[in-house]
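A closer look at the structure
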Amino acid sequence: MANGHSTTLHHHFESYDQQRNASSLGMWFFLAQEVMFFGGLFTAYMIYRTQNGLDFAVASSHLNIPLGALNTAILIASSFTMAMAVKKSVLAQRKAIVGYLILTLILGCGFLVVKYFEYAEKFEHNTVPGSSFEFHVEPELIAQYDLSPERVVTMEKRAEIFFSLYFMMTGLHALHMVIGVGIGIWLMFPAMAGKFNMDYHNPVENFGLYWHFVDLVWIFLFPLLYLLGGNALAGG
Amino acid sequence: MSAHAESYDPNVNYLNRDWSLKSWLLTLDHKRIAWLYLISVSVFFAIGGFFAMLIRMELLTPQGDLLSPDTYNRVFTQHGVVMIFLFLIPSIPAVLGNFLVPLMVGAVDVAFPRLNLLSWYIYTVAGILVILALITGGVDTGWTFYTPLSSTYANSQVMLVAIAVFVNGFASILTGLNFLVTIHTMRAKNLTWGKLPLFIWAMYATSLINVLGTPVVAITLLMAGAERVLGLGIFDPALGGDPILFQHLFWFYSHPAVYIMILPAFGVISELIAAFSRKKIFGYTFIAASSVGIAILGFIVWAHHMFTTGMSAYAATVFSALTMLIAVPTAVKVINWTATMYQGSVSWETPMLYAVGFLGLFLIGGLTGVMLATLGLDIHVHDTYFVVAHFHYVMVGGAIMGFLGGIHYWWPKMTGRLYNGSISKVSAILVFVGFNLTFFPQFLLGYMGMPRRYHAYPEEFQALNVFSTAGATVLGLGYILPAFYLTYSLFKGEKAPANPWGAMSIEWQTPSPPPLHNFVTPPVITEPYDYEHELIKEQIAELKKHVKPQEVPLG
Ligand SMILES: [Cu+2]
């Protein structure tokens, strides 16, 4: 233990190998936990989506696909910069780690800004669930599907369920992004101090795993919430 | 580890090296965190027990005279919430598991000591939230928080308690994650998977459920909570939402949660039976594999709680069959334990009394579980005292017997002290007798049709209810006694040798109580439960020099 970076090896581990194994296994179990956490929501979404296909498609057409697509692109780009940060941390290239981390954080914040504008739009149009929720099925759709007035009323109610799920899923995802940005800022200190190297890079690697996971959730959210509905209507 | 051995002082151990409050509240030592948990779960056991006492007092007479219907709803809900989330779920894993997992795998600590301490603080926050809810009016939805009662109609402190359960979930997740990683990566050299104590296998299976199940109940309560507070409409039938979906998601966690409570007890019982039969455990591989099998099967049986919700008959049949399947790995355990005792040199020390009591009670709890898995019978006794008796036999007769047996077994290791053998045996017998007297009548009551969760009942049910309340008094006495004699032994008890029971797993190779870094010299790894091994013969010979041979009380 008398070597140069003994401060980064915790005393209860016998070697850097053991510490790295433990730390990444812990992260994978944590991600398994996250899969189950989001899994509950995805299950609820899939069940309601199967039961109310057309209703959800109509509600979904009120989402902003260009903004969603922009955010998807931002997140994929951030996953690339994140992967580079991990790679550079193994190589102990201090400046490159810091640079890629900063890029990742900027992209993450960009995602949140776009999300803010999306949410603001929903608040303007009152498509936020609650007592002031308002949703109207467009007359063209009523004509196209020959909907009875009762059917239109149920459709408007189902739309509230859709938007409940939308806010719950994207909100929880955004919360994960905020936490991710926080962890990223916290990692800047050891990164700038040049602590990361071949033996000790598991904090960056684990942060990378977390970041990719959160991206991956969005990769599922975007088609499920934004795209499925739009297509169904255009084709109908 | 050799570095620690050089500075080893036999008079300094993990307890007496520093008594300051700060050294306890900021400790990263898994053994001290076990103590933090032991004290907190005991407090919540007392609170949950207080509510149980109120329930039994109310049910002494057919009239609802002691508590109003509304108060009674709150009392049984709080009994359930406190006992399940704040006592049973953390009890064995967070107390005995924390103390033993690193010791049994020959590690210095768990893999993530800081997360370990964090989990206790998270648990404490959840506990404070629940106490806050109790003071400000309590909660009346039943521990199951069914929607739309919880999300729309209940006007009690649903939110505070739901948040508490949500928060508490992360304490279990962190503990589970810590154990999984510790067992995977921190084992001593030569301690292969096939040599791990069965308690470790049980903790492994439990931790899997903790990590994979708990987040589902967390998200479910979050959805119900968002519905209540923010007006989202996920389970709201007025919008076309489905309250039954809530039940599916809730039981997806809450059935496996039964195994979070009982699997650790299985682990404890495996250790006790082997140690007090002085025999290699019968069917090691089968017992180990059945723990993991139960954890996996446990995830696909949840809808047996919902047979009366109008679910499809085909689905119900499948869930019924899958539920019965769980009886297989469970029976494997019971049969192997019995086979271990057969022709062993069984000694009736206090922990063994709990283990044998466990076998009897769990057998009844398990078999009535199979009865409840059959569709016809379940619909007949659904929501009656039959169900109440069944799950108390499993969770109180099983999990708490395991917890108390384990505490009595590892107490000398945790404290370095011995407790009074006769009083502890009396109390073990009181628990067994009192338990049966309390809950067996409830099987009869339920079969006769007495519904659960009512504060009043027809007069013909009174005699059995009086039995039940009388039994609860005996049971309560059996639970209170250990608090006294164990606390007494902590200060005045005789000093315990390293291995007071002559047991085989490696935590007995280190002094009692262990030093800060657990082992003075690297432990000798043997085949599991190898009671023919030279090492154990030496230790038993050593033991006979120090401890007076104890009398066999029941032989
Ligand atoms: Cu169940």
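Basis of the calculations
Residues numbered from 1 in each chain as written. Chains lettered and ligands numbered in written order. Predicted model: local features only at pLDDT ≥ 70, side-chain atom pairs only at ≥ 80, totals over all residues. Heavy atoms only, no water. Helix = DSSP H or I, 4+ residues; strand = E, 2+ residues; numbered from the N terminus. Rg over C-alpha atoms; globule rule 2.2 N^0.38 Å. Buried < 20%, exposed > 50% of the residue type's maximum accessible area, 1.4 Å probe, protein only. Contact = heavy atoms within 4.5 Å. Lys, Arg positive; Asp, Glu negative; His and termini not counted. Charge placed at Lys NZ, Arg CZ, Asp CG, Glu CD. Expected span 1.5 Å × (residues − 1). Salt bridge = Lys/Arg side-chain N within 4 Å of Asp/Glu carboxyl O. Polar contact = N/O pair within 3.5 Å; in protein donor to acceptor, adjacent residues only side chain to side chain. Nonpolar A, V, L, I, M, F, W, Y, C, P; charged D, E, K, R; others polar. Donors = N, O, S within 2.8 Å, 3.2 Å for Na, K, Ca; no water. Patch = residues over 30% accessible without salt bridge, like charges linked within 9 Å, V, L, I, M, F, W, Y side chains within 5 Å. Areas by Shrake-Rupley, 256 points an atom, 1.4 Å probe, with all protein chains shown as cover. Core = buried A, V, L, I, M, F, W, Y, C linked by side-chain atoms within 4.5 Å. Axes fitted to C-alpha atoms, helices over the stretch in contact; angles between N-to-C directions. Parallel < 35°, antiparallel > 145°, perpendicular 65-115°, else oblique. Left-handed = near helix turned anticlockwise from the far one by under 90°. Phe/Tyr/Trp six-rings, centres within 6.5 Å; stacked < 30°, edge-to-face > 60°. pLDDT = per-residue confidence, 0-100.

Regarding the overall build of chain A
Looking only at helices and strands, one finds seven helices and zero strands in chain A. Ordered by position from N to C terminus, the α and β elements of chain A give α-α-α-α-α-α-α. Computed over the C-alpha atoms, the radius of gyration of chain A is 22 Å, more than 25% above the 18 Å expected from 2.2 N^0.38 for a compact globule of 236 residues. Along the first, second and third principal axes, the C-alpha atoms of chain A reach 80 × 35 × 30 Å. Taking all 236 residues of chain A together, 50% fall into the buried category.

Here's the deal with the overall build of chain B
Along the backbone of chain B there are 18 helices and zero strands. Projecting the C-alpha coordinates of chain B onto the three principal axes gives extents of approximately 70 × 50 × 45 Å. The proportion of buried residues among the 555 residues of chain B is 61%. Considering only residue pairs separated by 6 or more positions, chain B has 83% of its internal contacts joining residues 24 or more positions apart. Averaging the coordinates of the 26 positive side-chain charges in chain B and doing the same for the 27 negative ones gives two points 9 Å apart.

Some remarks on helix α17 (residues 462-492) of chain B
Over its 31 residues, α17 of chain B extends 45 Å from the first C-alpha to the last, a length consistent with the 45 Å expected when each residue adds 1.5 Å. Residues of α17 of chain B that are buried: Asn465, Ser468, Thr469, Gly471, Leu475, Gly478, Tyr479, Pro482, Tyr485, Leu486 and Ser489 of chain B.

Regarding the interface of chain A and chain B
Across the contact, 32 residues belong to chain A and 42 residues belong to chain B. Where chain A touches chain B, the interface holds zero salt bridges. Viewed at the interface, chain B and chain A are joined by six residue pairs in polar contact (both at pLDDT 80 or more). For the side of chain A that touches chain B, the secondary structure elements donating two or more residues are α1 (16-51) and α6 (149-192) of chain A. Examining the composition of the side of chain A that touches chain B, we find that 17 residues originate from one element, α1 of chain A, more than from any other. Residues belonging to the side of chain A that touches chain B are distributed by class as follows: 17 nonpolar, eleven polar and four charged.

A short note on helix α7 (residues 158-185) of chain B
Compared with the 40 Å implied by 1.5 Å per residue over 28 residues, the 41 Å span of α7 of chain B between its first and last C-alpha is a close match. Most of α7 of chain B sits out of view: 24 of its 28 residues are buried.

What about the coordination of the copper ion?
Residue and element names in this part refer to chain B. Distances from the copper ion to its protein donors, His255 (ND1), His304 (NE2) and His305 (NE2), fall within 1.8 to 2.0 Å. One chain supplies every donor to the copper ion, and in sequence these donors are spaced H-x48-H-H. Of this pair, histidine 255 sits in helix α9 (residues 243-277) while histidine 305 sits in the loop between α10 (284-297) and α11 (313-325), and the two are 50 residues apart along the sequence.

Points about a nonpolar patch on the surface
Residues and elements named next belong to chain A. Taken together, the side chains of Ile76, Leu216, Ile219 and Phe220 make up a nonpolar region of the molecular surface, amounting to roughly 380 Å² of accessible area. Take the nonpolar patch: its biggest share by element is three residues, from helix α7 (residues 202-235). Relative to the assigned elements, leucine 216 resides in helix α7. A residue is classified by how much of its surface remains accessible, and leucine 216, at 47% relative accessible area, is partly exposed.

What to know about the nonpolar core
If you look at the biggest cluster of nonpolar residues, it comprises 246 residues, and the most contacted ones within it are Leu165 of chain A together with Phe145, Trp337 and Phe358 of chain B. Per-element accounting of this core gives the leading share, 23 residues, to α9 of chain B. Phenylalanine 145 of chain B has contacts with Val81, Phe85, Ser150, Val158, Val161, Ala162, Val165, Leu221, Phe246 and Phe250 of chain B, leaving out every residue within four places of it along the chain.

Details of the environment of threonine 192 of chain B
Among the structural elements, threonine 192 of chain B can be located in the loop between α7 and α8 (198-229). Spatially, the C-alpha atom of threonine 192 of chain B lies 28 Å from that of serine 119 of chain B, the residues being 73 residues apart in sequence.

Observations concerning the packing of α9 of chain B against helix α15 (residues 385-415) of chain B
Any two packed helices are characterised by how steeply their axes cross, that is the angle between the axes, and by the distance between the axes. All names here are of chain B. At a closest axis distance of 8 Å, the pairing of α9 and α15 adopts a crossing angle of 45°. By the angle class used here, α9 and α15 are oblique. Our pair here, α9 against α15, has a crossing hand that is left-handed. Contacts between α9 and α15 involve Val258, Met261, Ile262, Ala265, Val268, Ile269, Glu271, Leu272, Ala275 and Phe276 on the former and, on the latter, Val394, Met395, Gly398, Ala399, Gly402, Gly405, Gly406, Tyr409 and Trp410. For the contact of α9 with α15, the class distribution of residues is 14 nonpolar, four polar and one charged.

Brief notes about the pattern of salt bridges
Residue and element names in this part refer to chain B. Scanning the model with the defined rule gives six salt bridges over all chains in all. Arginine 74 is the partner of aspartate 70 in a salt bridge, and the nearest nitrogen-oxygen pair spans 3.3 Å. Of this pair, aspartate 70 and arginine 74 both sit in helix α4 (residues 69-105), four residues apart, which is roughly one turn of that helix. Under the relative-accessibility criterion, aspartate 70 is labelled partly exposed at 37%.

Let's talk about the packing of aromatic side chains
Residue and element names in this part refer to chain B. The final tally for this structure, using the stated rule, is 64 aromatic pairs over all chains. Judged by centre distance (5.5 Å) and plane angle (5°), the rings of phenylalanine 358 and phenylalanine 362 are stacked. Here phenylalanine 358 pairs with phenylalanine 362, and both are found in helix α13 (residues 350-373), just four residues apart, close to one helical turn. Note on phenylalanine 358: relative accessible area 0%, which makes it buried. A relative accessible area of 6% means that phenylalanine 362 is categorised as buried. Ring geometry for tyrosine 409 against tryptophan 501: centres 6.2 Å apart, planes inclined by 20°, an arrangement best described as stacked. You can see tyrosine 409 sitting in helix α15 and its partner tryptophan 501 sitting in the loop between α17 and α18 (534-546), a full 92 residues away along the chain.

Let's talk about the confidence of the model for chain B
Predicted coordinates in regions of low pLDDT should not be interpreted in detail. All names here are of chain B. Per-residue pLDDT for chain B has a mean of 92; in total, 96% of the residues score no lower than 70. Taken together, the stretch residues 1-5 has pLDDT below 50 and engages in seven contacts with residues farther than four places along the chain or on a different chain. Per-residue pLDDT stays below 50 along residues 548-555; that stretch engages in eight contacts with residues further than four places along the chain or on separate chains. At the level of chain-chain contacts, confidence expressed as ipTM amounts to 0.92, with global pTM at 0.93.

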